[in-house]
Every structure is written in C-alpha cells, then in structure tokens.
There are 2 protein chains.
Amino acid sequence: MRASLRARSIVWNADAVTTPPPGLRERKKQATREALREAALRLAVERGPDQVRVEDIAEAAGVSPRTYNNYFASREQAIVSAVTADREARIAAAVAARPAGVRLADAVTEAVVEQYTDTGEREHKALLLITTGTALRDAFLDATAGIEPPLTAVITERLDHAGAHTARVLAASVAAAVRIALEGWLRPAGHTESAKSSGAGGLVVPSGSLPDRLRSALAPLAPAFDAAERHTRP
Amino acid sequence: MRASLRARSIVWNADAVTTPPPGLRERKKQATREALREAALRLAVERGPDQVRVEDIAEAAGVSPRTYNNYFASREQAIVSAVTADREARIAAAVAARPAGVRLADAVTEAVVEQYTDTGEREHKALLLITTGTALRDAFLDATAGIEPPLTAVITERLDHAGAHTARVLAASVAAAVRIALEGWLRPAGHTESAKSSGAGGLVVPSGSLPDRLRSALAPLAPAFDAAERHTRP
DNA sequence: CAGGAAAAGTGCGTGCGCGCAAGTTTGCGC
DNA sequence: GCGCAAACTTGCGCGCACGCACTTTTCCTG
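Residues numbered from 1 in each chain as written. Chains lettered and ligands numbered in written order. Predicted model: local features only at pLDDT ≥ 70, side-chain atom pairs only at ≥ 80, totals over all residues. Heavy atoms only, no water.

Please set out the protein's contact with DNA strand D residue by residue, giving values where relevant.
Near DNA strand D there are 21 residues, and of these A:Arg25, A:Arg66, B:Arg25, B:Thr67 and B:Tyr71 occur at the shortest range. When atoms of DNA strand D within 4 Å of the protein are sorted by moiety, sugar and phosphate together comprise 66%. Contacts to DNA strand D include A:Arg75, whose backbone N or O atom sits 3.4 Å from a phosphate oxygen. Measuring from a phosphate oxygen of DNA strand D, one finds a side-chain N or O atom of B:Lys29 at 3.3 Å. Looking at the surface near DNA strand D, the elements that each hand over two or more residues are α1 (24-46) and α3 (65-71) of chain A together with α1 (24-46) and α3 (65-71) of chain B. Top element by residues in the surface near DNA strand D is α3(B). It accounts for 4 residues. When its residues are assigned to classes, the surface near DNA strand D shows 7 nonpolar, 6 polar and 8 charged. (Near = heavy atom within 4 Å. Polar contact = N/O pair within 3.5 Å; in protein donor to acceptor, adjacent residues only side chain to side chain. Helix = DSSP H or I, 4+ residues; strand = E, 2+ residues; numbered from the N terminus. Nonpolar A, V, L, I, M, F, W, Y, C, P; charged D, E, K, R; others polar.)

Pasting the structure below:
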C-alpha cells in the first residue's frame, strides 16, 4: 500500500499584490528546501535512484541528515518534489488566468492539461527516471494530491465563496481524476493484477497520450462543475 | 491431511459475484490477517496506542514480526483495518442491493451513509481511540481510499460496462468526498491552520452530524452520476 | 540596543519497513 | 502416495523516520 503523508507547503496568495514582507527567515528556509530538492534529483540522476542515501542528499545540500527530514518525509518525496514543486500553484494560477466567462469545467481542464503537457527540458529527463522504479512512481502519484488546496482556493473564488465545501469536493475529485489519468499513463505494459472484480470486458483504451487521458478522466466531472456554477449564478 | 472439508460447507460466503474455490491456503492467510487485526486493536485499547510495538502484535497473533508486515505496512494500518476491514465490500454490496430503478447517485449516497452510520458496538469504542491520536486519524482517513476498487466494480456494472473509466473516476471522487466529510467530522475543535487562502467568511457549518456531512459532501457529485447514467441509457 | 522568546538546525537513540536468502508448508499432477 | 513447484514464513541486517533535548539563529519589543 501507499502511505500518503501530508506535506504542507506554503501556498502564497497568487492574486494578491505582492508578498508584504519576504522575511529573511523564510528565505533561508525555502533556499534550504530548494537545495535539498535539487541535490536529491541530481544525485538520483547521476547514480541510480536506489544508490542515494539521505546522508548523501543532506551532505550535498550542506545540512544534517536530521534536518533533511524536517523538510521531507521520504527520499522519494524529495526527488519527486523537484519536478512537482510548483505545478500546484501553476495550475491554480492558470485557472485564475482564464477569463471569467468560460465554463469552469473547461477552465480547469485546460489549465491541468496545459501544466502537465508543458514538459520542461529537465522535467522530461526526470520523468524517465521516475518511471523506472515503483517507489518513485508511487511518490509521484501521491504528489498529485498537492493540487487540491490551491485548486480549492480558485474554485471557491469562482463560485463567489458560496459553496465552499462544494469547491473542496470538486477540487479533490479533480485531483483524483488526474491521479487516475497519470496512473494509466505510466503503466502501458504488464500489471495484469488490476483486473480484480472489474467484471468482464477489460475494454480500456490501449494507451492514449497524456493530454487525451487527462481530458477523458476529467470529462465525467464536467456536469458537476456545471451544476455548481449554475447554482451560484442562476 | 485429508481434511473432511467439502467445498459446499462454507457458510459465510459474502461475495456477491464470484467465489472460485475457497482454497485452504487462502483460509489460513485470512485467519492470520484477522488475528493480527484483532490483536492490534485489542492491545491498542488495553494500553495506549503508542504503547504497542509491532513485536507485541506479532507475538499476540503468534507470528514473527517479519511476517506481520507482510500483511500490514504500518502499525496504524493494522489497528485501523480492524474497523474498516469489510466496510469496503459492505458499501459495494449495499449499492448492488438497491433496486435497479433508483438513481445511481442516491443508491451510492445512501449506501455510504448507511455503512458509516451503522456503528457497531465495538466500532464506536475503536473510533474514540482513533480520534485521540494524529497518526491513527490519518491512517483512518487514508483507509477510505479502499472503497474505490469495489465501488468501481459496482458502478461499472450499473453503467452496463460502458464507461469503464468513467466509473473509475466517479468512484475515486466518492472516496475523496467521503474522506473530506470524515476529515471535517473528526476535527470540530482547534486547528486554525486550515485557514489558508480560503478568503473571507469562514462560513462553514459548525459541526453537523456525520450523515449530514456525508450527504452534503456527496451532493455536488450527483450531477456527474446523473449524466453518466443518462449517457448509457438514453 | 539589549534581552528574551520563538523558530530552525543538530546529535543521539529507538523502533520500524523492507530486501534478501534461507527454511517450511500447500497444492497439484503423475 | 510421491515428489516437485509455488507460495508463505522467518532470521538477519541496513537505512530511515522521528521524538527528545540542546545549541544557534532570527525576530520582536520595551
């Protein structure tokens, strides 16, 4: 089983004017976090992912091993966070960027697809690394849960702060759908295990592209979004 | 060796669909699992939850510590599973039990509420234990993800095996919604941390009953269910 | 600007998750 | 029955997550 652990990262208010006081303290903290991220990813790429101990990461980042896991609960989380770090905020920002006239469902879908399709040079290399191992893959999938809080924020805003808990549920559903899409995407081969009691026809799409998978995973949720925004704006 | 067990003497065949052959091997496995579950819960109730080591649980169940975590990945998981063990299957069964005519959304909602409301004598006592600690609470919340596979199965069936992946997304969304409901339910006090960027009025319902929370968390998903079954049966 | 409180970093010890390589049991075909 | 292959268990060992107590840094306030 996968143990999901809640790592709380500070999400800055994206639409606010500017960060009032940067705070020297917070600066160093983020610097350390970034140093750990980069060190973890770099070492994982250089040697195998399994040939990296926390001690190595901590040393490369210039902190003690104990400090390391004040930031990350697991080795995998550190490596993965290097590639999923800001996706959360970027998705939320992308949703907020859409004009207020468009369907919420479309805004969210496009924002998600956009952020997962835009593979930066380094990200693509990292994804190759992640795909190789089970541990890293699970960590990567668990990381998708991180989009829930910022998504909740923007959706709540679009819904005029009316159905606050509705926004929460919708955001969580989106996170779940994205997770499913990614799950299916990075296991084209093997794994007949998932048959379970799904019944007869395993008629699943062989292996669509990631954007296609994301869209078709989010599509079933569209009616829920429509109903939600219809409810707030009759 | 030659046990006098005829395959037909099994009384507690709970599975709705297929029960191929019970298999003596699988029997002992489930027996061990159950022994570990019960031992974990009992010890956790007797002493504090933090005063129980895996070694104790394993000893109480009559296996080695190493065997213990061939079954459970964490101490908390073992304890929690004693109370969430069959809920998954029970929810799926409850959905399947509803007449085929009713709205899928209603069937699912009622099934979920029913299974979480029906507090067995022992369950209620266990929940008190779980509420006390953060670790157990998280494990309990994580366990809600377990309802996804069986829910996927029944929903797929109701949808005439058409939108297989739609069923998957809906099931995952339900799991997420249930999780949210439980989350809010077991933290009526404290935790001002969740303020985040939710904006102005924190106008949330003070602390509704669990059934109410479940219903209102599942409500936003109803349109998605309606659309799904409308799509398969025009 | 001084002093003290809050927060971040660090050393240390304990229990745990899990891979590995035996040993033991279960199941099945001859 | 016989024996083989697969599945399950177990001892061993390594690294890691994390609580606790303590030092160092940062921030606030009189």
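Explain the nonpolar core residue by residue, including any values.
Grouped together as the largest cluster of nonpolar side chains are 129 residues, with contacts concentrated most on A:Ile155, A:Val174, B:Ile155 and B:Val174. Ignoring sequence-local partners within four residues, the contact set of B:Ile155 consists of B:Leu104, B:Ala167, B:Leu170, B:Ala171 and B:Phe225. (Core = buried A, V, L, I, M, F, W, Y, C linked by side-chain atoms within 4.5 Å. Buried < 20%, exposed > 50% of the residue type's maximum accessible area, 1.4 Å probe, protein only. Contact = heavy atoms within 4.5 Å.)

Lay out the protein's contact with DNA strand C with the relevant residues and their values.
The full set close to DNA strand C counts 20 residues, and A:Arg25, A:Thr67, B:Arg25, B:Arg66 and B:Ser74 are the nearest of them. Atoms of DNA strand C within 4 Å of the protein: sugar and phosphate make up 66%, bases the balance. Contact distances for DNA strand C include 3.4 Å between a phosphate oxygen and a side-chain N or O atom of A:Lys29. A:Thr67 places a side-chain nitrogen or oxygen 2.8 Å from a phosphate oxygen of DNA strand C. Looking at the surface near DNA strand C, the elements that each hand over two or more residues are α1 and α3 of chain A together with α1 and α3 of chain B. Take the surface near DNA strand C: its biggest share by element is 4 residues, from α3(A). Taken together, the residues that form the surface near DNA strand C break down as 5 nonpolar, 7 polar and 8 charged.

Run through α1(B), naming residues and quoting values.
Think of an α-helix as 3.6 residues a turn; residues three or four steps apart then line up on the same face. Residue and element names in this part refer to chain B. The terminal C-alpha atoms of α1, which comprises 23 residues, lie 33 Å apart, in line with the 33 Å expected from a rise of 1.5 Å per residue. Within α1 the residues assigned to the buried category are Leu36, Arg37, Ala39, Ala40, Leu41, Leu43 and Ala44. The inward-facing, buried residues of α1 contact α2 (54-61), α3, α4 (75-84) and α7 (121-132). (Expected span 1.5 Å × (residues − 1).)

Talk me through the pattern of salt bridges; I want residue IDs and the actual numbers.
Residues and elements named next belong to chain A. All told, the structure shown has 28 salt bridges over all chains when counted by the stated rule. The partner of Arg179 in a salt bridge is Glu183, with the nearest N and O atoms 3.1 Å apart. Highlighted residues: Arg179 and Glu183, both in helix α10 (residues 164-185), separated by 4 residues, approximately one helical turn. Each of the two residues, Arg179 as well as Glu183, counts as buried. (Salt bridge = Lys/Arg side-chain N within 4 Å of Asp/Glu carboxyl O.)

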